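Residue-level listing of the chains:
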Amino acid sequence: MGFSTSLAAVIGDVNGDNECTGSDVTALYNYILYNDASAIVNGDQNGDGEITGSDVTAVYNIILYGPSQEPPEYIDFTVNGVVMRMIYVKGGTFVMGNDDVESESPAHSVTLTDFYIAETECTQALWKALFPNFNYFATVGDLKPCNGQQYNEVLQFITALNDYLHNIGALDAEMNFVLPTEAQWEWAARGGVKSKGYTYAGSNNINDVAWYSVNSGNLVQDVKLKAPNELGIYDMSGNAFEATTDNFSVNYSWATSGEVDPVGSPTASAYGLVRRGGSCSAVASRCTVTKRDFNDIEFNGGASEDMSFRLILK
């Protein structure tokens, strides 16, 4: 649906306050989700005659990178000497899920705005850069994914990371590291706008891209030893399960096609939270880009020897 408006004086100014800020993103969301045009002065930011999720992406990019700059392909952050790389994931619309598998159906359309995702699972070196006295990992190694930590410990780490980078001025005040939603994880694993439709994250041959039950000895391995996917992201299939923020549900029966930046089931599940990607101890069918699994955080705090996490930046 098109929306005819006058042109705002400031690029990215949706609501007419002569600034481009988070309030402009909110105005777009309110229009897209609730048809609330009360704050819209110039919603069509990309000039395609419609107000859609792509306009949200356009405003985000203006806020983060300025009106004339393209987002960098990656951003490196240094945390007490340890470098972590975040890979740019351009937003887009895709069909999430797989109708051939009951727990992954119904397949439905999802639109995501841009974000950055970590090149690898969070390594033990990065964790220890903030928590040097943490002394328990199920399988130890600086270049191995964090594994065996409880879910609340992961959240504490993310808070510490944001605080550290904000305090040294390396991270804009409006940006934060968080765990991905299930939709963001799947879009990145599929390769985003560069996707070639692979079964696993980067290949139809699981041995090219994943450590799983057949080739890992059931132990997590150092990151980046297998090939990356189309976006240059490593180990999204296999090695360690990756936590998301979404409640697990037995299928996508609650989902609505066409949602922008959707979150998971609104109903908390006895199963816990969604985890994705399979692991070093998982069979191949559990390592596909659409496979859904759950992490029961009521049991042992969600800790397991093949459970890790990957951050996004938004």
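Refer to the structure above for everything that follows.
Turning to the overall build of the chain, a few remarks are in order. Helix and strand counts for the chain stand at six helices and 12 strands. Over its C-alpha atoms the chain spans a radius of gyration of 20 Å, differing by no more than 12% from the 20 Å that the globule rule assigns to 314 residues. C-alpha extents for the chain along the principal axes are approximately 60 × 50 × 35 Å. Looking at the chain residue by residue over its 314 residues, the buried ones come to 52%. Looking at the chain alone, contacts between residues at least 24 apart form 69% of all its contacts between residues at least 6 apart. Element-wise, carbon and sulfur atoms account for 49% of the exposed surface of the chain, whose accessible area totals about 13500 Å². When the 16 basic and 39 acidic side-chain charges of the chain are each reduced to a single mean position, those positions are 10 Å apart.

Bringing the nonpolar core into the picture now. If you look at soluble globular proteins, the nonpolar side chains tend to sit buried side by side. Counting residues in hydrophobic clusters, the biggest one holds 43 residues, and the most contacted among them are Phe157, Leu161, Phe177 and Phe309. Put simply, the parts of the chain that give this core at least two residues each are strand 1 (74-79), strand 2 (82-89), strand 5 (115-118), helix 3 (124-130), helix 4 (151-167), helix 6 (206-209) and strand 7 (241-247). Core analysis: the next-biggest nonpolar cluster, separate from the first, contains 20 residues, Leu112, Ala201, Leu231 and Ile312 among them.

The next thing to look at is helix 5 (residues 182-190). One turn of the α-helix equals 3.6 residues, which is why residues spaced by three or four share an orientation. With eight of nine residues buried, helix 5 lies mostly within the body of the structure. Backbone geometry just after helix 5 places glycine 191 at a positive phi near 100°.

Attention now moves to the side chain of histidine 108. Along the chain, the position of histidine 108 falls in strand 4 (residues 108-112). With residues near it in sequence (within four places) discarded, histidine 108 still touches Phe94, Val95, Met96, Tyr252, Ala255 and Ser257.

What follows is about the environment of alanine 183. Topologically, alanine 183 is positioned in helix 5. The exposure class of alanine 183 is buried, given its relative accessible area of 2%. The sequence separation of alanine 183 and glutamate 50 amounts to 133 residues, and the corresponding C-alpha distance is 23 Å. In contact with alanine 183, other than residues within four places in its own chain, are Phe94, Met96, Val110, Leu112, Asp246 and Pro262.

What follows deals with the pattern of salt bridges. Applying the stated criterion across every chain, the model contains 11 salt bridges. A salt bridge links lysine 224 to glutamate 119; the nearest nitrogen and oxygen atoms lie 3.5 Å apart. Linking lysine 224 in the loop between helix 6 and strand 7 with glutamate 119 in the loop between strand 5 and helix 3, this pair joins segments that are 105 residues apart in sequence. Residue class for lysine 224 comes out partly exposed when judged on its relative accessible area of 40%. Judged by relative accessible area, glutamate 119 falls into the buried class, the value being 14%. Residues joined by salt bridges that share partners form a network here, namely Glu182, Glu186, Arg190, Arg276 and Arg292.

Here helix 4 contains 17 residues, and its C-alpha end-to-end distance of 24 Å stays within 8% of the 24 Å for a straight helix at 1.5 Å per residue. Taken as a whole, helix 4 has its buried residues at Tyr151, Val154, Phe157, Ile158, Ala160, Leu161, Asn162 and Leu165. Buried residues in helix 4 make contact with strand 1, strand 2, helix 3, strand 6 (177-178), strand 7 and strand 9 (273-276).

Contact geometry for helix 1 (residues 22-34) and helix 2 (residues 53-65): axes closest at 9 Å, N-to-C directions at 175°. In terms of their interaxial angle, helix 1 and helix 2 are classed as roughly antiparallel. The segment helix 1 lies against helix 2, with Gly22, Asp24, Val25, Leu28, Tyr29 and Ile32 engaging Gly53, Asp55, Val56, Val59, Tyr60 and Ile63. Broken down by class, the residue content of the contact of helix 1 with helix 2 amounts to eight nonpolar, two polar and two charged.

With that settled, the discussion passes to a nonpolar patch on the surface. A surface patch of nonpolar side chains, about 260 Å² in accessible area, is lined by Val250, Tyr271 and Phe294. Looking at the secondary structure, you find valine 250 in the loop between strand 7 and strand 8 (259-260). For valine 250, a relative accessible area of 49% gives the class partly exposed.

With that settled, the discussion passes to the sheet that holds strand 11 (residues 307-308). What the four strands build is an open sheet, ordered 10-9-7-11; its pairing is mixed. Edge positions in the sheet fall to strand 10 (292-295) and strand 11, since each has one partner strand and no second.

This part is about the pairing of strand 5. With burial as the criterion, each face of strand 5 is covered, one bearing Phe115 and Ile117 and the other bearing Tyr116 and Ala118. Pairing of strand 2 with strand 5 involves four bridges; the strand directions are antiparallel. Bridge pairing in strand 5 links valine 89 to phenylalanine 115. As defined by bridge partners, strand 5 adjoins strand 12 (residues 312-313) across two bridges and the pair is classed as antiparallel. Looking across to strand 12, one finds that isoleucine 117 is bridged to isoleucine 312.

Residue position: aspartate 246 is located in strand 7. With a relative accessible area of 3%, aspartate 246 lands in the buried category. Look past the residues within four positions of aspartate 246 in its chain and what remains in contact with it is Thr181, Glu182, Ala183, Val263, Gly264, Leu273 and Val274.

Conventions we followed
Residues numbered from 1 in each chain as written. Predicted model: local features only at pLDDT ≥ 70, side-chain atom pairs only at ≥ 80, totals over all residues. Heavy atoms only, no water. Helix = DSSP H or I, 4+ residues; strand = E, 2+ residues; numbered from the N terminus. Rg over C-alpha atoms; globule rule 2.2 N^0.38 Å. Buried < 20%, exposed > 50% of the residue type's maximum accessible area, 1.4 Å probe, protein only. Contact = heavy atoms within 4.5 Å. Areas by Shrake-Rupley, 256 points an atom, 1.4 Å probe, with all protein chains shown as cover. Lys, Arg positive; Asp, Glu negative; His and termini not counted. Charge placed at Lys NZ, Arg CZ, Asp CG, Glu CD. Core = buried A, V, L, I, M, F, W, Y, C linked by side-chain atoms within 4.5 Å. Salt bridge = Lys/Arg side-chain N within 4 Å of Asp/Glu carboxyl O. Expected span 1.5 Å × (residues − 1). Axes fitted to C-alpha atoms, helices over the stretch in contact; angles between N-to-C directions. Parallel < 35°, antiparallel > 145°, perpendicular 65-115°, else oblique. Nonpolar A, V, L, I, M, F, W, Y, C, P; charged D, E, K, R; others polar. Patch = residues over 30% accessible without salt bridge, like charges linked within 9 Å, V, L, I, M, F, W, Y side chains within 5 Å. Pairing = 2+ DSSP bridges.

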